[in-house]
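# Survey of secondary and tertiary structure
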Amino acid sequence: MMNLEKLQSDVKEIGADNGPDFIYRFLLSYGMPKATIARLRLNITGEEQSPVHVPNKIYYQFTSKSNLLSLFNLLKRDNLNKIKARFICIANKDNILAYDMNTEETLLSSKKELYKSFDFFFPLIGREKKVITSHVTVNIKAAERFAELYNELVIANKGTNDVDKIVSNLMSRLLFCFFADSVGLISRGAINKIVYNFSEESGTNLSYLLESMFKAFFIKDRNGVPDYLMELPFLDIHMFNTPIELPRFNKRTRKLILEISELDWSDVNPDILGSLIQSIVSTDKNNINYNFTSVPNIYKLIGPLFLDELYEAYESSKNEYQECLNLLNRISKIKIFDPACFTGNFLIVIYKELKELESKIVESMRNLPNSKEVITSSLNISQFYGIEKNEFACIVTRLGLFFTECQISILQNGRLTFVDHLLEDLNRNNIIHGNATRISWNDICPNSDNEIYVVGNPPYKGARKQSKEQKDDVEFVFRNHNNIKDMDYAACWFYLASKFVGNSKNAFAFVTTNSLTQGQLVGLLWPKIFDENVHISFAHTEFKWKNSGKNNTAVTVVIIGIRSDVSPKRKFIFTQTTAYEVPWINPYLTAPKVIVKKQRKPISNLPPMPKGNMPYDKGHLLLEPHEVQELVNQYPTSKKFLKRVMGSDEFINDLERWCIWIDDKDLNEALLIPPIKDRINHVKKFRLNKLAKPPHQFRETNITKTYSLIIPSVSSERRTYIPIGFVNENTIITNLAFSIYDCDPWVFGVISSKMHNLWVRTVCGRLESRIRYSSQLGYNTFPFPDISNSQKESIKRCVYDIITERENQSEKSIAQMYDPDNMSEGLLYTHMILDANIERCYREEPFHSDQERLEFLFDLYNRKGD
DNA sequence: CATCCGACAGCAA
DNA sequence: TTGCTGTCGGATG
């Protein structure tokens, strides 16, 4: 067992020393044998940049380049999977980027501070579970205390009008005070001291004390400021310049304030700040989910959008004084605009990044022999624009940017200088409180000749889950279009941003739900976007949402970057481990140039595929096996009115479920059975004013005479084939599966085929990443040639073979038979034969890859559409 | 009439 | 708490 404390202190020492032996000493502390390290050293050919590689453990490359993320993207172009290592690391003189191939986490740190995240590399010493480092716990503690204070105040002031408003007003002023305290805008520890000394322990006069404190900041001539507040400076901050109503305090809330003010607020990590605020405002009732974007995800977005390019420009111009000056000038004019900024994570991270680039340029210039004048930084927070609907979050963004500016100033000058200048920046305020779907973006961030980059993570909300207000917003944004009621809320931002960057050299990129790149949304939204003369410039394919908050939202996201057609750039599709250049990126975030729209009827010669029957019953027409037992035992005649039902779950996992199924002519007889009558009454109640269909029946009453095909609408994406099957006339298929009634067996063959499965995976929607079969999108659009009877016969034989093969293992459920890790050879073989038969319907020459199959299908689809 | 979706939902390990 | 995998209902075209 390794001594973790020693490990951490070793990493700290190695990072601080930062000699040329960094990686070797690093590996040594993580328990790598001395012999291995000696061997690694031998491999070095003298080139500074040759990588250090311990197979299956770590791959480390040193670089002289300053932007590690760009280099990481570059490395992805050769596919990280080819490098056999758990950790991929890139480092330059000061910083290190590490990527964990298993957990897909990215760590970006200075070498000096690497010890704070030393647990990131625990897998190297055989520990998977991470411990939380003290550095992080302090910040989380601050966040939790702050949220606790908020909640306690709301409880303590219950009954007061506008409690939330009053409390959040106070919270923003307190947040300001704690930050101001940490950067020395107020003398350090002053807030804690004043509250401790001059308020009653019971908290009764704290409200009054704080009021006087806030007032004191705004009295320029200090007239009327009580002696005990004289150490507070005059700070002309417009957004706090109006008196506010304060909540009542008690012993507990006073104590919390004291505790919070004792914590160190000097580390404005936007990630932490975001989690802090999210925990406070995420209980919001106006149906907006507040989520902050993690720092690694922000980097995924800003790199390809503009940062990589700026760094390239820097690398190529750092030896030319004039070119450096031009670049500085360019940076000082860039505008960054987040129209859904929440607590400003994007803006703060980008501000820091640009500031760092700027200082690198300045440093390069100073070192040039012909360096003339003294160059100083000119990038400032008034180049950062934002819109945020939540007022509190909006204020936090302003404060976050301002204090980041203060911190950088302290870092560069050793102390806080030009305070008036800084305050002026804060007062200029380009962070607007408002609804981004309603106000003109151009008024907030005026288009000019200079570059504007729009970034962010706009709120997602599916069409059926939007509030009335959000629905109206969508209607308003797309007021010039028809057929827009199924838009996701986030689509508003994509459309408005496309209008904003169209025909300019501006560009935008958003983190967003993968729903926008799938299923019906593709056909609904993207043609409208492309009409604005823009195209997808880069994309990061889907990954699971993650941030450092407590409860991670269950959602799968993508990153999409969009540019105007007048200023195209090289196009890249990124995955977690690769980056490849493509000539074109479609809304599915793949390369072929195609958009598949919903079809009412099959475009090929295939029978119609309706959805199954929907109970629409709040469960009252459905019965579990034990309920059937009880019912039949008590009322044997009820047997006549019971049928098996099958949705996806029942079919795939071999579950038994029953329903009440009554022909109209038998209704009176059925009503004689009290439990059935009872159930029907419940359904009647539920359907009141909703549905005309009589309450003893499902909403649809389709039934087969012979056999019907069942196709699950949602199923696991891990299976090679979407399992489908036949059911007889005694089974009712529910709305959770599709069906083809009285289905000819050769159709089973078409739907089971690899060709069809590929098509469905590509053009249908998903539930997160699950397969979501749909008839209008995947079946009706499927291009399949007209085939002869003899072709149908041979497909039929393949189908019978598959069915026989399934019967041979009938003790298993479909899920077990099609378990991707455990499919029987027989079943695999019969499917393979079927695939070959189906593919011969398209052409004689065999297909060599799925890529080729898809391209062939898209081509056929495009031609069928004509 | 009948569909496609969910900043998901619910269960098991 | 994480991993796995499909419910349910209804506004919408």
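Residues numbered from 1 in each chain as written. Chains lettered and ligands numbered in written order. Predicted model: local features only at pLDDT ≥ 70, side-chain atom pairs only at ≥ 80, totals over all residues. Heavy atoms only, no water.

### Side note on the overall build of chain A
- Helices and strands together make up the secondary structure of chain A, namely 30 helices and 24 strands.
- Evaluated residue by residue, chain A yields a buried proportion of 55% over its 866 residues.
- Within chain A, contacts between residues separated by at least 24 positions form 71% of all contacts whose residues are at least 6 apart in sequence.
- Roughly 39,100 Å² of accessible area belongs to chain A as shown, and the carbon and sulfur atoms make up 49% of that amount. (Helix = DSSP H or I, 4+ residues; strand = E, 2+ residues; numbered from the N terminus. Buried < 20%, exposed > 50% of the residue type's maximum accessible area, 1.4 Å probe, protein only. Contact = heavy atoms within 4.5 Å. Areas by Shrake-Rupley, 256 points an atom, 1.4 Å probe, with all protein chains shown as cover.)

### A short note on the nonpolar core
- Residues F146, F176, F306, I336, F402 and F403 are the most contacted members of the largest nonpolar core, which totals 134 residues.
- It is helix 6 (residues 163-183) that contributes the most residues to this core, 12 residues altogether.
- Setting aside anything within four residues of it in sequence, one finds F146 in contact with M171, L175, F178, I260, W265, L276, I280 and F392.
- By size, the runner-up hydrophobic cluster in this structure holds 59 residues, among which are C764, C798, Y842 and F847. (Core = buried A, V, L, I, M, F, W, Y, C linked by side-chain atoms within 4.5 Å.)

### Regarding the environment of M230
- Inspection of the secondary structure assignment puts M230 in the loop between helix 8 (206-216) and helix 9 (251-262).
- Residues M230 and A216 lie 14 residues apart in sequence; the distance between their C-alpha atoms is 8.0 Å.

### Description of the protein's contact with DNA strand B
- With respect to spatial proximity, 32 residues lie near DNA strand B, and among them S515, K611, R699, R772 and Q776 are the closest.
- Sugar and phosphate atoms represent 52% of those atoms of DNA strand B found within 4 Å of the protein.
- Taking N457, its side chain carries an N or O atom lying 3.1 Å from a base nitrogen of DNA strand B.
- In the environment of DNA strand B, a phosphate oxygen lies 3.5 Å from a nitrogen or oxygen atom belonging to the backbone of S775.
- Secondary structure elements with two or more residues in the surface near DNA strand B: helix 19 (519-530), strand 23 (766-767), strand 24 (770-772) and helix 26 (775-779).
- Considering every element that reaches the surface near DNA strand B, the biggest residue donor is helix 26, with three residues.
- Here the surface near DNA strand B is built from residues that sort into 10 nonpolar, 12 polar and 10 charged. (Near = heavy atom within 4 Å. Polar contact = N/O pair within 3.5 Å; in protein donor to acceptor, adjacent residues only side chain to side chain. Nonpolar A, V, L, I, M, F, W, Y, C, P; charged D, E, K, R; others polar.)

### Considerations on helix 14 (residues 391-413)
- For helix 14, which comprises 23 residues, the first-to-last C-alpha distance of 33 Å matches the rise-based estimate of 33 Å (1.5 Å per residue) to within 8%.
- Counting buried positions along helix 14 yields 18 of 23 residues, so the element is predominantly enclosed.
- Capping the start of helix 14, N390 holds a side-chain oxygen 3.1 Å from the backbone nitrogen of F392, two or three residues further along.
- A positive backbone phi angle near 85° is found at G414, which sits one or two residues after helix 14. (Expected span 1.5 Å × (residues − 1).)

### Examining the protein's contact with DNA strand C
- Near DNA strand C there are 27 residues, and of these K471, Y616, S716, L736 and R770 occur at the shortest range.
- For DNA strand C, the fraction of protein-proximal atoms (within 4 Å) that sit in sugar or phosphate groups is 59%.
- N653 places a polar side-chain atom, nitrogen or oxygen, 3.5 Å from a phosphate oxygen of DNA strand C.
- Side-chain polar atom of R770 to a base oxygen of DNA strand C: 2.4 Å apart, as the coordinates give it.
- Listed by contribution, the elements that provide at least two residues to the surface near DNA strand C are helix 21 (648-653) and strand 19 (714-715).
- Counting residues per element, the surface near DNA strand C draws most heavily on helix 21, at four residues.
- Of the residues belonging to the surface near DNA strand C, the class tally is eight nonpolar, six polar and 13 charged.

### Looking at the sheet that holds strand 1 (residues 52-54)
- Read from one edge of the open sheet, five strands run 1-2-3-4-5, paired in mixed fashion. The open sheet terminates on both sides in strands that have one partner only, identified here as strand 1 and strand 5 (105-110). Taken pair by pair, the neighbouring strands of this sheet meet at an average axis angle of 10°, ignoring direction.
- Running at roughly 135° to strand 3 (residues 87-91), helix 4 (residues 68-76) makes contact with strand 2 (58-62), strand 3, strand 4 (95-100) and strand 5 of the sheet. (Pairing = 2+ DSSP bridges. Axes fitted to C-alpha atoms, helices over the stretch in contact; angles between N-to-C directions.)

### Things to note about the sheet that holds strand 16 (residues 642-646)
- What the four strands build is an open sheet, ordered 15-17-16-21; its pairing is mixed. Because the sheet does not close on itself, it has two edges, and the strands there are strand 15 (622-623) and strand 21 (731-733).
- As paired elements, strand 15 and strand 17 (residues 658-660) share two bridges and run antiparallel to each other. Looking at the pairing, L623 lines up with W658 of strand 17.

### Brief notes about the domain arrangement of chain A
- Each domain of chain A was delimited in the assignment, giving domain 1 (4-125), domain 2 (137-268), domain 3 (288-582), domain 4 (598-614 + 698-866) and domain 5 (619-643 + 654-697).
- Centre-to-centre separation of domain 4 and domain 5, based on C-alpha positions: 32 Å.
- With 11 residues of domain 4 in contact, the opposing surface of domain 5 contributes 11 residues.
- A combined buried area of about 910 Å² lies between domain 4 and domain 5, and 71% of that area is made up of carbon and sulfur atoms.
- Seen at the junction of domain 4 and domain 5, the total is zero salt bridges.
- Inspection of the region where domain 4 meets domain 5 yields zero residue pairs in polar contact (both at pLDDT 80 or more). (Domains from an automatic or database assignment. Buried area = accessible area lost by both parts, 1.4 Å probe. Salt bridge = Lys/Arg side-chain N within 4 Å of Asp/Glu carboxyl O.)

### Digging into the packing of helix 24 (residues 745-752) against helix 27 (residues 789-807)
- Put simply, helix 24 and helix 27 touch, their axes get as near as 8 Å, and they point 75° apart. For the element pair helix 24 / helix 27, the angle class is roughly perpendicular. Contact residues: P745, W746, F748 and G749 in helix 24; K792, I795, K796, V799, Y800, I802 and R806 in helix 27.
- Among the residues making up the contact of helix 24 with helix 27, the classes are represented as seven nonpolar, one polar and three charged. (Parallel < 35°, antiparallel > 145°, perpendicular 65-115°, else oblique.)

### So, helix 19
- Counted at 1.5 Å a residue, the expected span for helix 19 with its 12 residues is 16 Å, and the 17 Å between its end C-alpha atoms agrees.
- Elements that come into contact with the buried residues of helix 19 comprise helix 18 (490-501), strand 11 (534-544), strand 12 (556-564), helix 25 (754-763) and helix 26.

### A look at the side chain of N547
- Within the fold, N547 resides in the loop between strand 11 and strand 12.
- A polar side-chain atom of N547 sits 2.9 Å from the main-chain carbonyl oxygen of F292.
- Residue contacts for N547: discarding those within four places in its chain leaves Q278, F292, S294 and N552.

### Considering the confidence of the model for chain A
- Taken residue by residue, chain A gives an average pLDDT of 91. The fraction at 70 or more is 96%.
- A low-confidence stretch, residues 130-135 stays under pLDDT 50, and its non-local contacts, those more than four residues away or across chains, total 12 contacts. (pLDDT = per-residue confidence, 0-100.)

### Describing the packing of aromatic side chains
- According to the stated counting rule, one finds 46 aromatic pairs in the structure shown.
- Relative to Y314, the ring of Y311 has its centre 6.4 Å away and its plane inclined at 85°; by these criteria the two rings are edge-to-face. With Y311 and Y314 both in helix 11 (residues 295-317) and three residues apart, this pair spans about one turn of that helix.
- Overall, Y314 belongs to the buried group, its relative accessible area being 6%.
- Of the aromatic side chains, those joined through ring pairs into one cluster are W746, W759, F782, F784, Y842, F847, F856, F858 and Y861.
- We note K300 situated over the ring of F543; from NZ or CZ to the ring centre the distance is 3.7 Å.
- Over the ring of F476 we find R479; its NZ or CZ atom is 4.3 Å from the centre of that ring. (Phe/Tyr/Trp six-rings, centres within 6.5 Å; stacked < 30°, edge-to-face > 60°. Lys NZ or Arg CZ within 6 Å of the ring centre and 35° of its normal.)

### With respect to the pairing of strand 3
- Of all five residues in strand 3, five are buried, a share of seventy percent or more.
- Going residue by residue along strand 3, you find F87, C89 and A91 tucked away on one face and I88 and I90 tucked away on the opposite face as well.
- Pairing of strand 2 with strand 3 involves five bridges; the strand directions are parallel. Residue Q61 lies in a different strand from strand 3, and its bridge partner there is I90.
- Handedness of the strand 2-helix 4-strand 3 crossover: right-handed.
- By the bridge criterion, five bridges tie strand 3 to strand 4 in an arrangement that is antiparallel. Bridge assignment links A91 to a residue of strand 4, and that residue is I96.
- Connecting the antiparallel pair strand 3 and strand 4 is a turn made up of three residues. (Right-handed = clockwise from strand over helix to strand, strands pointing away.)

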